[in-house]
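Close look at the chain arrangement
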Amino acid sequence: MPRPPQSEEQRALVRRRILGAARELFDQSGIEAASMRAVGARVGLTASALYAYFPSKIELLRALWCDALDELHVRMTEFSQRAADPITAIRVLVIAYIEFALEDQARFHVLVMVDRGNLAAELRSEGIVHDAYRLFRRHVAEAIDQGLLRLTDADLAAQMLWAAVHGVLTLPQT
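Figured I'd write up the structure that's included with this text. Keep in mind that this is a model prediction, so the values were computed, not measured.

Observations concerning the overall build of the chain
Looking only at helices and strands, the chain features 9 helices and 0 strands. Listing the helices and strands of the chain from first to last along the sequence gives α-α-α-α-α-α-α-α-α. Here the chain holds 174 residues, and 40% of them are scored as buried. For the chain, the proportion of contacts with a sequence separation of at least 24, taken over those separated by at least 6, is 65%.

Encoded structure:
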């Protein structure tokens, strides 16, 4: 006799368990080394059962990537709402990004994954927008508009500042 269908709540709970297991496995073994079979085994599902929740590894990675971006955006929004001016907002946004990277390394690694198969580029090409960066850029533009930064190009200024922080966070640790 077939199993009764899961409720949306039950399905969402299983998806969260799968995402948690995948984050741990990817952080331990790397994205390329972790298979769907290994992720399924970690949560007690066969590979075929796992595919009912995520039809492919790319879909699983997309969900992890979106989850990490959403969490980063939520943190940065909360931090920036407490800032009195754009310069303070830029500072707290940088701190929020650093804390996210240090406190949740598995998610950060998924967010900034670099792989030989251009997976990150494929995910970005799907139109997933980095709201956390847009928030950062908005505060940089406000700082320029108010004369608090000497730069005149908000895109260039935001990219330089973001890249500097991001670069330090992604340097190999020795």
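A short note on the environment of Ala21
Within the element layout of this structure, Ala21 appears in helix 1 (residues 8-29). When the C-alpha positions of Ala21 and Ala41 are compared, they lie 9.4 Å apart, and in sequence the two are 20 residues distant.

Considerations on the environment of Ala47
Tracing the chain through its elements places Ala47 in helix 3 (residues 47-51). Using a relative accessible area of 16% as the deciding quantity, one classes Ala47 as buried. As a C-alpha pair, Ala47 and Met36 span 11 residues in sequence and 6.3 Å in three-dimensional space.

Some remarks on the pattern of salt bridges
Any two side chains of opposite charge can pair, given that their charged atoms come close. For the structure on display, the rule yields 8 salt bridges. With its nearest N and O atoms 2.6 Å apart, the salt bridge here joins Asp155 to Arg137. A residue pair is termed long-range when its members are at least 10 positions apart, and Asp155 in helix 9 (residues 154-170) and Arg137 in helix 8 (residues 131-145) qualify at 18 residues. As a salt-bridge pair, Arg138 and Glu142 come within 3.5 Å of each other at their nearest N and O atoms. Of this pair, Arg138 and Glu142 both sit in helix 8, separated by 4 residues, roughly a single helical turn. The partly exposed category is assigned to Glu142, whose relative accessible area is 28%. One connected set of salt bridges, linked through shared partners, spans Glu71, Arg75 and Glu103.

Overview of the packing of aromatic side chains
Taken as a whole and assessed by the stated rule, the structure comprises 4 aromatic pairs. Between Tyr97 and Phe108, the aromatic rings sit 5.8 Å apart at their centres with planes inclined by 65 degrees, giving edge-to-face as the arrangement. Remark: Phe108 occurs in helix 6 (residues 105-111) and Tyr97 occurs in helix 5 (residues 86-103); sequence separation between them is 11 residues. Accessibility classification places Tyr97 together with Phe108 in one group, the buried group. Ring-pair connections join several aromatic residues into one group, and the members of that group are Tyr97, Phe108, Tyr133, Phe136 and Trp162. Positioned over the ring face of Phe79 is Arg82, at 5.1 Å from the centre of the ring.

A closer look at the environment of Arg37
With respect to the helices and strands, the residue Arg37 is situated in helix 2 (residues 36-42). Linking Arg37 and Leu50, residues 13 residues apart in sequence, is a C-alpha distance of 8.1 Å.

Quick word on helix 5
Relative to the 26 Å expected for 18 residues at 1.5 Å per residue, helix 5 spans 25 Å between its end C-alpha atoms, a close match to the ideal helical length. Its side-chain oxygen at 3.0 Å from the backbone nitrogen of Ile87, Asp85 defines the N-terminal cap of helix 5.

Quick notes on a nonpolar patch on the surface
Taken together, the side chains of Leu151, Leu156 and Met160 present a nonpolar region at the surface, about 270 Å² in accessible area. Residue position: Leu151 is located in the loop between helix 8 and helix 9. In this structure Leu151 comes out as partly exposed when scored by relative accessible area, which is 39%.

Thresholds, definitions, all that
Residues numbered from 1 in each chain as written. Predicted model: local features only at pLDDT ≥ 70, side-chain atom pairs only at ≥ 80, totals over all residues. Heavy atoms only, no water. Helix = DSSP H or I, 4+ residues; strand = E, 2+ residues; numbered from the N terminus. Buried < 20%, exposed > 50% of the residue type's maximum accessible area, 1.4 Å probe, protein only. Contact = heavy atoms within 4.5 Å. Salt bridge = Lys/Arg side-chain N within 4 Å of Asp/Glu carboxyl O. Phe/Tyr/Trp six-rings, centres within 6.5 Å; stacked < 30°, edge-to-face > 60°. Lys NZ or Arg CZ within 6 Å of the ring centre and 35° of its normal. Expected span 1.5 Å × (residues − 1). Polar contact = N/O pair within 3.5 Å; in protein donor to acceptor, adjacent residues only side chain to side chain. Patch = residues over 30% accessible without salt bridge, like charges linked within 9 Å, V, L, I, M, F, W, Y side chains within 5 Å. Areas by Shrake-Rupley, 256 points an atom, 1.4 Å probe, with all protein chains shown as cover.

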